[in-house]
Amino acid sequence: MDVDPKQYEQIKINNKDSHNIILSYLIHGCYKDTVESLVASAGLKVSATQLEDMEKRKRILQLALKGNALDAIHLTEQMSPDLLENNKDLLFDLMSLHFVELICSRKSTEAIDFAKDKLTPFGKVQKYVEKLEEFLALLAYNEPEKSPVFHLLSLEYRQHIVDNLNRAIIAHESMASYSELERIIQQATAVRQCLSEELGKDVLLPFSLKDFLKRI
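Small disclaimer: the values here were computed from a predicted structure and weren't measured.

What counts, and where the lines are drawn
Residues numbered from 1 in each chain as written. Predicted model: local features only at pLDDT ≥ 70, side-chain atom pairs only at ≥ 80, totals over all residues. Heavy atoms only, no water. Helix = DSSP H or I, 4+ residues; strand = E, 2+ residues; numbered from the N terminus. Buried < 20%, exposed > 50% of the residue type's maximum accessible area, 1.4 Å probe, protein only. Contact = heavy atoms within 4.5 Å. Areas by Shrake-Rupley, 256 points an atom, 1.4 Å probe, with all protein chains shown as cover. Patch = residues over 30% accessible without salt bridge, like charges linked within 9 Å, V, L, I, M, F, W, Y side chains within 5 Å. Salt bridge = Lys/Arg side-chain N within 4 Å of Asp/Glu carboxyl O. Phe/Tyr/Trp six-rings, centres within 6.5 Å; stacked < 30°, edge-to-face > 60°. Axes fitted to C-alpha atoms, helices over the stretch in contact; angles between N-to-C directions. Nonpolar A, V, L, I, M, F, W, Y, C, P; charged D, E, K, R; others polar. Expected span 1.5 Å × (residues − 1). Core = buried A, V, L, I, M, F, W, Y, C linked by side-chain atoms within 4.5 Å. Parallel < 35°, antiparallel > 145°, perpendicular 65-115°, else oblique.

1. Section: the overall build of the chain
Assigned secondary structure in the chain consists of 10 helices and 0 strands. Counting helices and strands in the order they occur from the N terminus, the chain gives α-α-α-α-α-α-α-α-α-α. Going through the 216 residues of the chain one by one, you find that 32% of them count as buried. For the chain, the share of sequence-separated contacts (at least 6 apart) that also reach a separation of at least 24 residues comes to 56%. By element, 53% of the accessible surface of the chain is carried by carbon and sulfur atoms, the whole surface being about 13,900 Å².

2. Focus: a nonpolar patch on the surface
On the surface, a nonpolar cluster with roughly 270 Å² of combined accessible area is contributed by Y25, Y31 and L181. Within the fold, Y25 resides in helix 1 (residues 15-28).

3. Focus: the packing of aromatic side chains
Tallied over the full model, the rule gives 7 aromatic pairs. Ring-pair connections join several aromatic residues into one group, and the members of that group are F92, F99, F122, Y128, F135 and Y157.

4. Observations regarding the packing of helix 4 (residues 69-79) against helix 5 (residues 88-104)
Here helix 4 crosses helix 5 at 150°, and the two axes come no closer than 8 Å. In this structure, helix 4 uses A69, L70 and I73 to contact helix 5, whose residues at the interface are L91, L94, M95, L97 and H98. In the contact of helix 4 with helix 5, the residues fall into 7 nonpolar, 1 polar and no charged.

5. Digging into helix 8 (residues 155-172)
Relative to the 26 Å expected for 18 residues at 1.5 Å per residue, helix 8 spans 25 Å between its end C-alpha atoms, a close match to the ideal helical length. Of the positions making up helix 8, those classed as buried are Y157, R158, I161, V162, L165, N166, A168, I169 and I170. Lining the buried residues of helix 8 we find helix 1, helix 3 (48-65), helix 4, helix 5 and helix 7 (126-137). Of the residues trailing helix 8, S174 is marked for its positive phi of about 65°.

6. Description of the pattern of salt bridges
In this structure the tally under the stated criterion is 8 salt bridges. For K131, the salt bridge goes to D93, with nearest N and O atoms at 4.0 Å. Taken together, the positions of K131 in helix 7 and D93 in helix 5 put the pair 38 residues apart, joining distant regions of the chain. Given a relative accessible area of 33%, K131 falls into the partly exposed group.

7. Overview of the environment of I161
Note that I161 resides in helix 8. Along the sequence, I161 and A64 sit 97 residues apart, while their C-alpha atoms lie 8.5 Å from each other. In contact with I161, other than residues within four places in its own chain, are L90, D93, L94, S96 and L97.

8. Comments concerning the nonpolar core
V35, L94, F99 and L138 are the most contacted members of the largest nonpolar core, which has 49 residues in total. Among the elements that take part in this core, helix 5 stands out by supplying 10 residues, more than any other. With near-sequence residues (within four places) excluded, L138 lies in contact with F99, V100, I103, P144, S147, V149, L152 and L153.

9. Topic: the packing of helix 1 against helix 3
In the contact formed by helix 1 and helix 3, the axes pass within 10 Å of each other and the chain directions differ by 45°. By the angle between their axes, helix 1 is oblique relative to helix 3. In contact with L26, I27 and H28 of helix 1, helix 3 contributes Q50, M54 and R57. For the contact of helix 1 with helix 3, the per-class residue count stands at 3 nonpolar, 2 polar and 1 charged.

10. Notes on unusual backbone geometry
The backbone of C30 shows a phi angle near 65°, a positive value even though the residue is not glycine. Structurally, C30 is set in the loop between helix 1 and helix 2 (32-42). For C30, a relative accessible area of 3% gives the class buried. Positive phi, normally seen in glycine, also occurs at S174, with a value near 65°. One can find S174 in the loop between helix 8 and helix 9 (180-199).

What follows is the structure in structure tokens.
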């Protein structure tokens, strides 16, 4: 059973804690203008370096999301040297975004050349073989968006890679890869799942933040 909101709504929350949780989320999301407004109104502190890095990171993420993966790679290497060199999975994903962009632009010859030069070397490692096969399969279709691997062309797939890139850059800057708000949601979800397993599936439904907020 869910806890009656009356049992916890009297618990006092420190405003500073709330502000810091929100600030963490905004910094992770590169919401620079909102960060500056919150800092000014709540008396928080954010360094000029943090604001500058936020702008750089936002630029990188926007480039990757728009399909300009090579430019995103170049700026990432400038901002976070050795990051991609030490994270081959992320480098492969970014390279694959450029390949997909060439496919979508119907530049098959360029896509083939790029795959031979930049992607096929990853095939020396077994874990990349299946992914490579999926991407190269796109070349076989005149309408790749109707192929069995059409999901590789989706905005959701691109956003997933961009989110991973964002967390990797943040971690490289010695910050937590997830914001405090995300960690709170993750912890709440994990606790609910544990309770559900202990008390029985019929007692507690899978935790949904959306449904929870509707009830309070």
